Structures are given as C-alpha cells and as structure tokens.
Amino acid sequence: MGDMVTVGSVAPPVGLADVRSAAELLRGVVAPTPMAGSRALTEMCGGPVWLKCENLQRTGSFKIRGAYTRLARLDDEQRSRGVVAASAGNHAQGVALAAQMLGIEATVFMPEQAAIPKVGATRGYGAQVHLVGQTIDGSIAAATEFAERTGAVFVHPFDHRDIIAGQGTVGLELLEQVPDVRTVLVCTGGGGLLGGIAAAVKEQRPDVAVVGVQAAGAAAWPPSLAAGEPLALESMRTIADGIAVGQPGKVTFPQVASLVDEIMTVDDDALSRALLHCLERAKLLVEPAGAAAVAALLQHPRRFATPAVAVLSGGNVDPLVLLHVIQHGMASAARYLSLRVRVGDRPGALAELLAHVGSLGANVLDVEHSRISGTLPLGEVEVALALETRGPDHCTELVEALRGTGHDVVEVAGPR
C-alpha cells in the first residue's frame, strides 16, 4: 500500500479565473480530450470510473496546454530572444509545438536517457535538442545556465502560474464531461497538472476529492508536505520518467498544499500492472507516469468515492520500455510462472510433462532439461519451466494439478 498524506491549507497562487482565462487562450489550439468509461474499473471500484484521455492530446500529453499558455503570454521582446526548456519528453514536445505555432525559436534540454520517440518528436517540431544529465534536474540546471548565457526565456516544466493555469484546463473539461464526479485522481511529478486541476475543480466543487498519485521511487511530495516546504530527494528510481521530479516547485507547493486532499504513492509493480490494464482492458496506450491514477484505483479499488475520474496524462512511451513494462506487468500480475519439476529419467518423460502442462492451459515459454546435478537422486532429471498463465488462480491450479498427478514440484517462483 502506498503512503498517504493529508494536505493542509495556504493560499493558492492560481485560481479558477486564471484557468478559465487560459481556456480562452487555448480555444482552437488544443482539442478537448475524450472521457472513456471503464467497465472493468467500474466493477472493481463499485461505482462509475472514467478515464480522462490526455494521452490522446496533441503531442501525446497534456503538456501543450501549459506550454502554449506560457509562450502565448510572452511579449514581442521576450519572443525575439527565443525560449529554452528542460524535460524528460512531454513538456519538451509541448514547448516545441507551441513555439512552432507562435513562431518562436526553441531550445530543449532532455536527460541523456530520454525516450527516443520523445526526442525525435521534439526535434520534429523544430526545436534544437541537447541531451544532458541523468535526470530532469540535471537538464533543468543546463537549461537555466543556457537562459542566463543567451537571454532565452526559461519555460519551466511546472513551476509557473501560466503553466499551472494551462494544465488546469483539463479540470474544466473534466467537470463538464462528468458533472457528478466525486473523486479525481491525478499523476503527480512537479505538481503543475495536479495543482491546475485542483484550481479548476475545488472552486466549483469543493466536495470533490482531488488526489495526487506519485511514483514511490520518486515521491518528493509526502516529506515536503510533512515539512511544510519543498524538500529535495537524495535519489530517484522509477519506470515513470514523466513524474520523476526530485523536488516540488516554489509555486506548485502552495498550490497543491492548499487545494489537494491527499497524496498517495504507487510502486513500479503497480504502475506496470496499470499500464497493462489500460492496454488490455481499455485499449489505450498510456506511458507509466500516465497510468499512475489507474494504479491507485487497482491498488485501492474500494477506497475512493465514485464516480471517479483517473487522468491518463500521456501516451508517449519508448517501444523498448513498453516491452519491458509489459513483461514486468505480466510477472507482477502472476501471468508468468517458473517451476522446477523432477521427473523420471526415461524416454518420453519430458514430452509427457509438457503435454500435461499444455492440457492444463499453460503456454510454455522456456524449458531447461538437466540430467546432471549433485542434488538429483539417481534415475531422475530436473526440468525448469517458464510458463505463461491466466493469473494467480491458474498458477495455483497448475501446481496442485502437477502434484496431484505425482510430479515432484521442487521450486515455484510465483503464487503457490
């Protein structure tokens, strides 16, 4: 279970009027994104669950909303100096497209390990891209130095009132699409999207719970809120690069602290299961960060008042990362099972074992047949099997069925 923090009260820098002003600016620039019903999550959570599909937004995430709002409000002199941004990918694409639309020169710093499709898309929108640093914090430092050296306007990924107001337009759409919503769950990195949505929602519907969801391996908000000020993490490790932010911002901190009801965390297992759930059940491609809200619902299905809306913040994911996460999600959901089985050392024994496994509905991914081991009794061989299953119950059935037919199952990795 993730940690949960209840949040206090200070004055928010961005209000409903700011978000509505941003919405006017964005009219015709961003498309209102669909709200997809989720039958699987609705059944699980005991009431209606909706998915706000910002993964289907222009550039594949909500970031164009804040980036365009920020850039459109620059004066002519600022525009002539160009803009510079730092991003793991989605903000980079938002800034690059907004700059292209407004005729502004853009330079973007991205971490060295940024997803290849995100780098390619950012360059495709006309921005100059530099890969610097291991994390987004290193990229921000490089971008800040570039701004000081060249006079370019630094466009922060989350810590600016215009960015927060632009992202908050997701909340305006959300209330129109699901007027009876009772809980809104939002993935949280720096807090721009969460703070903006809270501004849009809370002033109109103070009864709606707004919940931020962080990756457990990059959860700077719980200790910061407990301390009453933004604190920096010493290290981060998560598959959700889009929300791997080491410290809340000076502007987003009071925004979130004053308006958001709760921050909770989900681990990488939960994030990978959520991504797999979105692919299999909702037919939606969502990056790990974008699936954080769904991960919270899967982990705590009866905890939130429904109707609930989970914001799917982005869908830009490297295919290699997607492959890894799917495999991780399959293992985490007990869709893989590893067995070591001892059988008699006689012709046909291995074929009989594999036929039996197949008749039980498991798919064999890998087989290792070992006849020589100091731990093996004479006349026996050990067979290591990697199997694809239908889930935890199927894993248990497989092991019990094999033992029930006299097979010596000596080791099981996965549910027993």
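## Digging into empty space enclosed by the protein
- Here the structure, examined in full by the defined rule, presents 1 cavity of 30 Å³ or more.
- Within this model, the largest cavity holds a volume of roughly 350 Å³.
- As for the largest cavity, its lining consists of 31 residues, and the residues nearest its centre are Phe-62, Lys-63, Gly-242, Ile-243 and Val-245.
- Within the residue set of the lining of the largest cavity, elements represented by two or more residues are helix 5 (90-102), helix 7 (136-150), helix 8 (161-167) and helix 10 (192-202).
- Per element, the largest residue contribution to the lining of the largest cavity is 3 residues, and it comes from helix 10.

## Quick word on the layout of surface pockets
- If you add up the space inside the largest pocket, you get close to 630 Å³.
- Every residue lining the largest pocket is counted, 24 residues in all, and those nearest its centre are Gln-113, Gln-134, Thr-238, Ile-239 and Asp-241.
- A total of 3 residues in the lining of the largest pocket trace back to one element, the largest contributor, which is helix 15 (residues 319-332).
- Its residues placed into classes, the lining of the largest pocket shows 12 nonpolar, 6 polar and 6 charged.
- As for the second largest pocket, its lining consists of 15 residues, and the residues nearest its centre are Ala-23, Thr-169, Leu-172, Glu-173 and Glu-176.
- For the lining of the second largest pocket, the secondary structure elements donating two or more residues are helix 1 (16-26) and helix 9 (169-177).

## Focus: helix 5
- Over its 13 residues, helix 5 extends 18 Å from the first C-alpha to the last, a length consistent with the 18 Å expected when each residue adds 1.5 Å.
- Listing the buried residues of helix 5 in full gives Asn-90, His-91, Ala-92, Gln-93, Gly-94, Val-95, Ala-96, Leu-97, Ala-98, Ala-99 and Leu-102.
- Looking at the residues trailing helix 5, positive phi occurs at Gly-103, about 70°.

## Observations concerning the sheet that holds strand 5 (residues 106-110)
- A sheet is described by the order of its strands in space; here 4 strands give the open sequence 6-5-4-7, paired in parallel fashion. Strand pairing shows two members of the sheet lacking a second neighbour, strand 6 (128-131) and strand 7 (153-155), which therefore form its edges. Across the sheet, the mean angle from the axis of one strand to that of its neighbour is 25°, orientation sign disregarded.
- In the sheet, strand 4 (residues 83-86) pairs with strand 5 via 4 bridges, with the strands oriented parallel.

## Describing the side chain of Arg-342
- Counting through the fold element by element, Arg-342 comes out in strand 12 (residues 336-344).
- Within the local environment of Arg-342, its side chain forms a polar contact with the side chain of Glu-382, the two groups lying 3.4 Å apart.

## Concerning the state of the cysteines
- Inspection of the entire model under this criterion finds 0 disulfides.
- Here Cys-45 is not cross-linked by a disulfide; its sulfur's nearest cysteine counterpart is in Cys-278, at 12 Å.
- Lacking any disulfide linkage, Cys-53 is separated from the closest cysteine sulfur, that of Cys-278, by 8.7 Å.
- The class of Cys-53 is buried, set by a relative accessible area of 1%.

## Notes on helix 10
- Summarising burial for helix 10: 11 of the 11 residues are buried, a large majority.
- Of all the positions in helix 10, only Gly-192, Leu-193, Leu-194, Gly-195, Gly-196, Ile-197, Ala-198, Ala-199, Ala-200, Val-201 and Lys-202 are classed as buried.

## Regarding the environment of Ala-72
- Inspection of the secondary structure puts Ala-72 in helix 3 (residues 63-72).
- Separated by 29 residues in sequence, Ala-72 and Met-101 have C-alpha atoms that sit 9.6 Å apart.
- Every residue in contact with Ala-72, bar those within four places of it in the chain, is listed here: Leu-25, Arg-79 and Leu-102.

## Let's talk about unusual backbone geometry
- Residue Thr-306 is joined to Pro-307 through a cis peptide bond whose omega torsion reads 0°.
- Its place among the elements puts Pro-307 in the loop between helix 14 (292-299) and strand 11 (308-312).
- Of note in the backbone geometry, Thr-59 takes a positive phi value of approximately 70° without being a glycine.
- Note on placement: Thr-59 falls in the loop between strand 3 (49-53) and helix 3.
- A relative accessible area of 9% places Thr-59 in the buried class.
- Of note, the phi angle at Lys-283 is positive, near 60°, even though the residue is not glycine.

## So, the environment of Ser-224
- Its location among the elements puts Ser-224 in helix 11 (residues 221-227).
- Here Ser-224 falls in the buried class, since its relative accessible area comes to 0%.
- Here the alpha-carbon distance between Ser-224 and Gln-247, two residues 23 residues apart in the chain, equals 8.2 Å.
- Setting aside anything within four residues of it in sequence, one finds Ser-224 in contact with Glu-229, Pro-230, Leu-231, Pro-248 and Phe-253.

What counts and what doesn't
Residues numbered from 1 in each chain as written. Predicted model: local features only at pLDDT ≥ 70, side-chain atom pairs only at ≥ 80, totals over all residues. Heavy atoms only, no water. 1 Å grid on protein atoms, 1.4 Å probe; cavity = no way out; pocket = protein on both sides within 12 Å on 5 of 7 lines; lining within 4 Å. Points joined across faces, edges and corners; volume = space filled by probe spheres on them. Helix = DSSP H or I, 4+ residues; strand = E, 2+ residues; numbered from the N terminus. Nonpolar A, V, L, I, M, F, W, Y, C, P; charged D, E, K, R; others polar. Expected span 1.5 Å × (residues − 1). Buried < 20%, exposed > 50% of the residue type's maximum accessible area, 1.4 Å probe, protein only. Pairing = 2+ DSSP bridges. Axes fitted to C-alpha atoms, helices over the stretch in contact; angles between N-to-C directions. Polar contact = N/O pair within 3.5 Å; in protein donor to acceptor, adjacent residues only side chain to side chain. Disulfide = S-S within 2.5 Å. Contact = heavy atoms within 4.5 Å.

The quantities given are spatial measurements derived from coordinates; they are silent on function.
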